[in-house]
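Structural overview for review
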Amino acid sequence: MQIFDASRKVWTSKIAKDLEAGKKELIDYLKVLEGELGDKPYFGGETFGYVDVSLVPFYSWFYAWETCGKFNIEAECPVLVAWAKRCMEKESVARSLPDPHKVDPNSKDVGEPKVGTSFDSEDEARNSPASYATVQDFVAVIREVYSVGMQLCSSTGGAAKKELLDSFKLLEGELGQKPYFGGETLGFVDVALIPFYPWFSAFEHCGNFLMVEECPRLVAWAHKCLEKESVSKTLPDLNKAFDFLVVYLKKQKAN
């Protein structure tokens with residue numbers, strides 16, 4: 001999520017000093033990720049993993065960042081760009097993400113970059129920061145799911161549970177009656193949110209509630225996503241995710 005915050009500085013800054021600071025911050029984050037990728041084809045090793053699924057939607061924004069920041073990501077992070085192109089060779093990824101040259105974050109569709117309106121200049125890319133905020137809002141909600149979910153699992157307070165369910169219900173409201181957030185096909189929000197599904201059982205256990213009772217349409221959405229082999233193969237088993245969380249929390253308490 002720090003990547004989104006840093007990229008927003010590149011996108012919206014009109015003062016040269018702020019733009020350069022945002023650009024440096026963004027590149028630093030990308031290089032950290034590139035270092036973690038190393039020589040592996042994917043962050044998950046030989047196959048797609050959690051980080052791959054969470055990160056690949058940002059590839060659609062690379063061209064926009066380059067346009068606004070006046071730099072070349074491939075020159076700065078060639079291994080990361082090669083990874084992104086490798087991901088795009090998978091039909092399931094290519095069909096889920098818009099063409100980087102045709103992403104318009106000024107879309108009026110909540111949470112979804114609009115496809116089909118390309119921009120060729122920095123001015124075009126910057127022309128509506130208010131619309132850009134709709135995507136930012138969605139990312140903020142997803143970030144809230146993570147932070148509040150971890151609070152819920154590391155404490156016994158009821159406030160975190162309410163905040164988490166409020167975030168889920170907000171997302172469920174935006175989903176509406178659509179099969180996916182992207183409409184008839186997986187979109188940016190679907191790809192960014194589905195990695196949290198394996199944590200549902202952990203949230204339920206720690207918060208003493210059932211997601212299917214609180215947010216039935218969101219659970220149905222997750223099950224529909226899992227019908228896609230490209231999704232089901234990339235996400236960890238729910239029990240393994242819960243076991244991982246237990247070990248993680250024990251380490252946190254020990255520190």
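Residues numbered from 1 in each chain as written. Predicted model: local features only at pLDDT ≥ 70, side-chain atom pairs only at ≥ 80, totals over all residues. Heavy atoms only, no water.

1. Comments concerning helix 12 (residues 200-207)
All of the buried residues along helix 12 are Phe 200, Ala 202, Phe 203 and Gly 207. Considered in projection along helix 12, the buried side chains sweep an arc of 165° and stay on one side of the axis. (Buried < 20%, exposed > 50% of the residue type's maximum accessible area, 1.4 Å probe, protein only. Helix = DSSP H or I, 4+ residues; strand = E, 2+ residues; numbered from the N terminus. Arc of directions from axis to C-beta.)

2. Overview of the environment of Glu 91
Positionally, Glu 91 belongs in helix 7 (residues 91-96). Between the C-alpha atoms of Glu 91 and Ser 230, which are 139 residues apart in sequence, the distance is 9.2 Å.

3. Quick look at the confidence of the model for the protein
Predicted coordinates in regions of low pLDDT should not be interpreted in detail. Residues at a pLDDT of 70 or more form 75% of the protein, whose mean pLDDT is 77. Long-range and interchain partners of residues 105-133, a stretch whose pLDDT sits below 50, account for 74 contacts in this model, where long-range means more than four residues apart. (pLDDT = per-residue confidence, 0-100. Contact = heavy atoms within 4.5 Å.)

4. Description of helix 2 (residues 16-37)
A rise of 1.5 Å per residue sets the reference length of helix 2, with its 22 residues, at 32 Å; its end C-alpha atoms lie 31 Å apart and thus fit the reference within 8%. The positive-phi residue at the C-terminal boundary of helix 2 is Gly 38, with phi of around 60°. (Expected span 1.5 Å × (residues − 1).)

5. Considering unusual backbone geometry
Notably, Lys 70 is not glycine yet its phi reads approximately 55°, a positive angle. Looking at the secondary structure, you find Lys 70 in the loop between helix 4 (62-69) and helix 5 (73-76). Judged by relative accessible area, which is 62%, Lys 70 ranks as exposed. The backbone of Asn 208 sits at a positive phi, close to 55°, despite the residue not being glycine. With respect to the element layout, Asn 208 can be found in the loop between helix 12 and helix 13 (211-214).

6. Things to note about the packing of helix 2 against helix 6 (residues 78-88)
Between two packed helices, the angle of one axis relative to the other and the distance separating the axes together describe the packing. Packing of helix 2 against helix 6 brings their axes to within 8 Å, and their N-to-C directions diverge by 70°. Taken together, the axis directions place helix 2 and helix 6 in an arrangement best described as roughly perpendicular. Note on element contacts: helix 6 touches helix 2 through Pro 78, Val 79, Leu 80 and Trp 83, opposite Leu 30, Leu 33, Glu 34 and Leu 37. (Axes fitted to C-alpha atoms, helices over the stretch in contact; angles between N-to-C directions. Parallel < 35°, antiparallel > 145°, perpendicular 65-115°, else oblique.)

7. A word on the pattern of salt bridges
Summed over the entire model, instances satisfying the criterion amount to 6 salt bridges. Taking the shortest distance from any N to any O, the salt bridge between Asp 28 and Lys 24 comes out at 2.9 Å. Highlighted residues: Asp 28 and Lys 24, both in helix 2, separated by 4 residues, approximately one helical turn. You can call Asp 28 partly exposed: its relative accessible area is 35%. In this structure Lys 24 comes out as exposed when scored by relative accessible area, which is 54%. One salt bridge connects Lys 169 with Glu 214, and the closest N-O pair in it is separated by 3.3 Å. Of this pair, Lys 169 sits in helix 10 (residues 158-175) while Glu 214 sits in helix 13, and the two are 45 residues apart along the sequence. (Salt bridge = Lys/Arg side-chain N within 4 Å of Asp/Glu carboxyl O.)

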